[in-house]
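Breakdown of the fold
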Amino acid sequence: MTTAMGVPSLGRGRTGREVPAELSARVPAEQRGPGLDRDAVRLLVSRGTRVSHHTFTDLPGLLRAGDLLVVNTSMTLAAAVDGTVGHARVVVHFSTRGDDGRWAVELREPDGRGTTRARGGGPAGTRVRLPGDVRLVLEEPLTGRSPRLWWGRVSDPDVLGLLRRHGRPIRYSYTDRDQPLSAYQTVFALPSADGSGSAEMPSAARPFTTRLVAELVSRGVQFAPVSLHTGVASAEAHEPPYPERFAVPEASARLIDAARAGARRVIGVGTTAVRAVESAAGPDGVVRAAEGWTGLVVTPERGVRVVDGLLTGLHEPEASHLLMLEAVAGRETVRSGYDEALRGRYLWHEFGDVHLLLPEEDTDPTGPHTEHCSSNRW
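About the cut-offs
- Residues numbered from 1 in each chain as written.
- Predicted model: local features only at pLDDT ≥ 70, side-chain atom pairs only at ≥ 80, totals over all residues.
- Heavy atoms only, no water.
- Helix = DSSP H or I, 4+ residues; strand = E, 2+ residues; numbered from the N terminus.
- Buried < 20%, exposed > 50% of the residue type's maximum accessible area, 1.4 Å probe, protein only.
- Contact = heavy atoms within 4.5 Å.
- Areas by Shrake-Rupley, 256 points an atom, 1.4 Å probe, with all protein chains shown as cover.
- Polar contact = N/O pair within 3.5 Å; in protein donor to acceptor, adjacent residues only side chain to side chain.
- Pairing = 2+ DSSP bridges.
- Axes fitted to C-alpha atoms, helices over the stretch in contact; angles between N-to-C directions.
- Parallel < 35°, antiparallel > 145°, perpendicular 65-115°, else oblique.
- Left-handed = near helix turned anticlockwise from the far one by under 90°.
- Salt bridge = Lys/Arg side-chain N within 4 Å of Asp/Glu carboxyl O.
- Phe/Tyr/Trp six-rings, centres within 6.5 Å; stacked < 30°, edge-to-face > 60°.
- pLDDT = per-residue confidence, 0-100.
- Nonpolar A, V, L, I, M, F, W, Y, C, P; charged D, E, K, R; others polar.
- Expected span 1.5 Å × (residues − 1).
- Arc of directions from axis to C-beta.
- Core = buried A, V, L, I, M, F, W, Y, C linked by side-chain atoms within 4.5 Å.

1. Describing the overall build of the protein
Looking only at helices and strands, the protein has 7 helices and 16 strands in total. Burial analysis of the protein (378 residues in total) assigns 57% to the buried set. Here the contacts in the protein between residues at least 6 apart in sequence split such that 72% fall between residues at least 24 apart. When the accessible surface of the protein is summed, it comes to about 15000 Å², and 52% of that surface belongs to carbon and sulfur atoms.

Structure (structure tokens):
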């Protein structure tokens, strides 16, 4: 989702393009000028290789009555906690709670600027002192693919209480300053029964406001809530996602299946929502209520069974999320969209602009335009 590398560009990858570091969104949209709200971001719309430029407040006019938006209701946790290993300072990113009470964690080093840099994981038996005389002991790597995340056991089983008392949102080096936890909650966020949530914000939904949701509902757009608790992204290596907890309620499964039966569009709001709903879909494309762990990685080879479109942020060229975009819309669509985003100086990352990928046969009801909204400057 995000990078912490602090280098002059974001590199090259599947898009074949280099993203200048100055296109990182450093603060939330509402902090870029007086009178702005979260929806003061730009919206790039791709239909095949045709691209048009909008503001996010144009979204109601770009959707149709009967469209169904699948949204992730996971709350963002204050998942970063200061600690020490011996005399060395570390920052622990609490990622995912396991069924056995352990947590998948990432240890990082403070960089002196209020953010962090990568640190080697492990070894097994490493002890981390946390606030309140709490201890974390690393036991084993989460997977054999990468030593970045480790399963660790915390001496106080109330880890969520520890995060509430001593945690703060995970912050990356392209941002200007710390933000309150509220800046990382979406309008769709709901408390889960056990207090679980996401280590990083399901950021595609961040530009939605209550006013915009009300306008969409008044125009006949529907919403299907699901949840997927996101873990700590691979900031430097862009690893594929690992298993995460998800839930698709019965009511949402019925809404999605009814939309598909009526030839209405199902649009995922964020890669997390797509991962959840595609995990609940059978080979026949029928979505059934489901919850648990999903290890699904949506790729062009696997394809998508449910969603027709996707609203998402702009991802780094190396990000594994781009495989999902290609599965939804095709590689040429993604390439042309990212070319246009670079030409138009769109902003990247969780506080940045957004990209709506719609089926190619759709027509644009507003016609293409290329105005640049002033909220895109910081």
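2. Quick word on the side chain of T230
If you trace the backbone, T230 turns up in the loop between β11 (222-228) and β12 (244-248). Side-chain polar atoms of T230 contact the backbone oxygen of E200, separated by 2.5 Å. Setting aside chain neighbours within four positions, we find T230 in contact with S95, S198, A199, E200, E244 and T272.

3. Observations concerning the pairing of β11
For β11, the tally of buried residues reaches 5 of 7 residues, placing the bulk of the element in the interior. In this structure, strand β3 (residues 68-72) lies alongside β11, joined through 5 bridges in parallel fashion. Among the inter-strand pairings, N72 is bridged to a residue of β11, identified as V226.

4. A short note on the packing of helix α5 (residues 271-279) against helix α6 (residues 321-329)
The N-to-C vectors of α5 and α6 enclose an angle of 65°; their axes lie 11 Å apart at closest approach. The pairing of α5 with α6 is recorded here as roughly perpendicular in orientation. The element α5 and its partner α6 pack so that their crossing is left-handed. Residues T271, V274 and R275 of α5 pack against H321, M324 and L325 of α6.

5. Concerning the pattern of salt bridges
In total, this model carries 26 salt bridges according to the counting rule given. Taking the shortest distance from any N to any O, the salt bridge between R168 and D82 comes out at 2.8 Å. Of the two residues, R168 sits in the loop between α2 (159-166) and α3 (210-218) while D82 sits in strand β4 (residues 80-85), which places them 86 residues apart along the sequence. Given a relative accessible area of 35%, D82 falls into the partly exposed group.

6. Some thoughts on the packing of aromatic side chains
Tallying each qualifying case throughout the model produces 7 aromatic pairs. Both rings, one in Y184 and one in F351, keep their centres 5.4 Å apart while their planes meet at 50°; by these two values the pair is tilted. One end of the pair, Y184, is in the loop between α2 and α3; the other, F351, is in the loop between α7 (331-343) and β16 (354-358), with 167 residues separating them in the sequence. This pair shows no difference in class: Y184 is buried, exactly as F351 is. Taken together, a centroid distance of 5.2 Å and an interplanar angle of 65° make the contact between F188 and F208 edge-to-face.

7. A short note on the confidence of the model for the protein
Chain-level pLDDT for the protein is 89 on average; 89% of the residues reach the 70-or-more range. Low confidence marks residues 1-13, where pLDDT is under 50. Its contacts with residues over four positions away, or in another chain, come to 56 contacts. Scored below 50 in pLDDT, residues 365-378 shows 36 contacts in the model against residues more than four places distant or in partner chains.

8. Thoughts on the environment of R288
Looking at where R288 falls in the secondary structure, it is placed in the loop between α5 and β14 (290-294). Ignoring any residue separated from it by four or fewer positions in sequence, one finds R288 in contact with A253, A280 and G282.

9. Let's talk about the packing of α6 against α7
Relative orientation and spacing of two packed helices are given, respectively, by the angle between their axes and the distance between those axes. Between α6 and α7, the shortest axis-to-axis distance is 7 Å and the interhelical angle comes to 115°. Residues L322, L325, E326 and A329 of α6 form the contact with α7, whose participating residues are R331, T333, V334 and Y338. Split by residue class, the contact of α6 with α7 holds 5 nonpolar, 1 polar and 2 charged.

10. Here we look at helix α4 (residues 250-261)
Between its terminal C-alpha atoms α4 stretches 16 Å, which fits the 16 Å expected from 12 residues at 1.5 Å a residue. Among all positions of α4, only S252, A253, I256 and A259 are buried. The buried residues of α4 occupy an angular sector of 130° when the element is viewed end-on, so they sit on one face. Within α4, the exposed residues directed more than 90 degrees away from the buried face are A251, R254 and A261.

11. Focus on α7
The end-to-end C-alpha distance of α7 is 18 Å, a good match for the 18 Å that 13 residues give at a rise of 1.5 Å each. Among the structural elements, β1 (42-47), β2 (50-55), β15 (309-313), α6 and β16 are those in contact with the buried residues of α7. Count one or two residues on from α7 and you reach R345, which has phi positive near 60°.

12. Concerning the nonpolar core
V70, I256, V266, V287 and W348 are the most contacted members of the largest nonpolar core, which totals 39 residues. Elements with a contribution of two residues or more to this core: β3, β11, β12, α4, α5, α6 and α7. A79, A80, L138 and Y174 belong to the second largest nonpolar core, which has 28 residues in total.

13. Some details on unusual backbone geometry
Phi at D133 takes a positive value of approximately 60°, unusual for a residue other than glycine. Along the chain, D133 falls in the loop between β8 (127-130) and β9 (134-141). For D133, a relative accessible area of 56% gives the class exposed. Look at H349: it is not a glycine, yet its phi comes out positive at around 85°. By the element assignment, H349 lies in the loop between α7 and β16.

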